[in-house]
Amino acid sequence: VQLQASGGGLVQTGGSLRLSCAASGSIVGYNRMGWYRQAPGKYRELVAFVTSGGTTNYADAVKGRFTISRDNAQNSVSLQMNSLKPEDTAVYFCNLNVAYGRYDYWGQGTQVTVSS
């Protein structure tokens, strides 16, 4: 399985961006698709994920501003980011976690920069 992410960019505070990620190959069984981010000098952190059953989970820092969704038929996940803040600036990574961590895949990072 390979993950291809797209959609990063530069936006002003309060703006919006949409990230997308598509997985090649078939995905079988319980899985989670989501996004992590890593800012300079910081650890990679979870932003949000959605399970194959549709359950979502968000980091407290993005609740109410970001919305994650997936298309199981297309094996894709999207992250709609609204009301962006400078502290959202980071490299965002798409992740696919299959079978409770037995298989873990990462996409290439995409830069999101929010200017103040």
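Preceding this section is the structure that the text describes.
Residues numbered from 1 in each chain as written. Predicted model: local features only at pLDDT ≥ 70, side-chain atom pairs only at ≥ 80, totals over all residues. Heavy atoms only, no water.

Asker: What am I meant to see in the side chain of asparagine 31 here?
Answerer: If you trace the backbone, asparagine 31 turns up in strand S4 (residues 31-38). When its relative accessible area of 3% is taken as the criterion, asparagine 31 is described as buried. Among the polar contacts listed, one links the side chain of asparagine 31 to the backbone oxygen of glycine 29, at a separation of 2.9 Å. Excluding its chain neighbours within four sequence positions, the residues that come into contact with asparagine 31 are Val50, Thr51, Ser52, Arg70, Leu96, Asn97 and Val98. (Helix = DSSP H or I, 4+ residues; strand = E, 2+ residues; numbered from the N terminus. Buried < 20%, exposed > 50% of the residue type's maximum accessible area, 1.4 Å probe, protein only. Polar contact = N/O pair within 3.5 Å; in protein donor to acceptor, adjacent residues only side chain to side chain. Contact = heavy atoms within 4.5 Å.)

Asker: Can you walk me through the pairing of strand S8 (residues 76-81) in this structure?
Answerer: On a regular strand, one side chain projects to one face of the sheet and the next to the other, so that they alternate. By the criterion of burial, S8 is predominantly enclosed, with five of the six residues buried. As paired elements, strand S3 (residues 17-23) and S8 share six bridges and run antiparallel to each other. Paired with leucine 19 across the strands is leucine 79, a residue of S8. Sheet topology note: the strand S7 (residues 66-71)/S8 ladder contains six bridges and is antiparallel. Within the sheet, the bridge partner assigned to aspartate 71 lies in S8 and is serine 76. Linking two consecutive strands that pair antiparallel, namely S7 and S8, is a turn of four residues; a positive phi of about 50 degrees is found at asparagine 75 within it. (Pairing = 2+ DSSP bridges.)

Asker: What exactly am I supposed to notice about the packing of aromatic side chains here?
Answerer: What describes a pair of aromatic rings is the distance from one ring centre to the other and the angle between the planes of the rings. Overall, the coordinates contain two aromatic pairs when judged by the stated rule. With centroids separated by 4.4 Å and ring planes inclined at 15 degrees, the aromatic side chains of tyrosine 30 and tyrosine 100 adopt a geometry described as stacked. A residue pair is termed long-range when its members are at least 10 positions apart, and tyrosine 30 in the loop between S3 and S4 and tyrosine 100 in the loop between strand S9 (90-98) and strand S10 (103-106) qualify at 70 residues. With relative accessibility at 31%, the residue tyrosine 30 sits in the partly exposed group. A ring pair is formed by tyrosine 36 and tryptophan 106, whose centres lie 5.0 Å apart and whose planes are at 65 degrees; its orientation type is edge-to-face. Placement of tyrosine 36 in strand S4 and of tryptophan 106 in strand S10 is noted, with a sequence separation of 70 residues between them. On the basis of relative accessible area, tryptophan 106 is assigned to the partly exposed category, the value being 36%. (Phe/Tyr/Trp six-rings, centres within 6.5 Å; stacked < 30°, edge-to-face > 60°.)

Asker: Help me out: how do you make sense of the pattern of salt bridges in this one?
Answerer: It is possible for side chains bearing opposite charge to pair when their charged atoms get close. On inspection of all chains with the given rule, the structure shows four salt bridges. In this structure, the salt-bridge partner of arginine 37 is aspartate 88, at a minimum N-O distance of 3.0 Å. Here aspartate 88 lies in the loop between S8 and S9 and arginine 37 lies in strand S4, a separation of 51 residues in the sequence. As far as the burial class goes, arginine 37 and aspartate 88 line up, both buried. (Salt bridge = Lys/Arg side-chain N within 4 Å of Asp/Glu carboxyl O.)

Asker: Would you mind showing me how to read unusual backbone geometry here?
Answerer: The phi angle of most residues is negative, glycine excepted, and most peptide bonds adopt the trans form. Positive phi, close to 50 degrees, is recorded for asparagine 75, a residue that is not glycine. Here asparagine 75 shows up in the loop between S7 and S8.

Treat this as a map of the structure, not an account of what it does.
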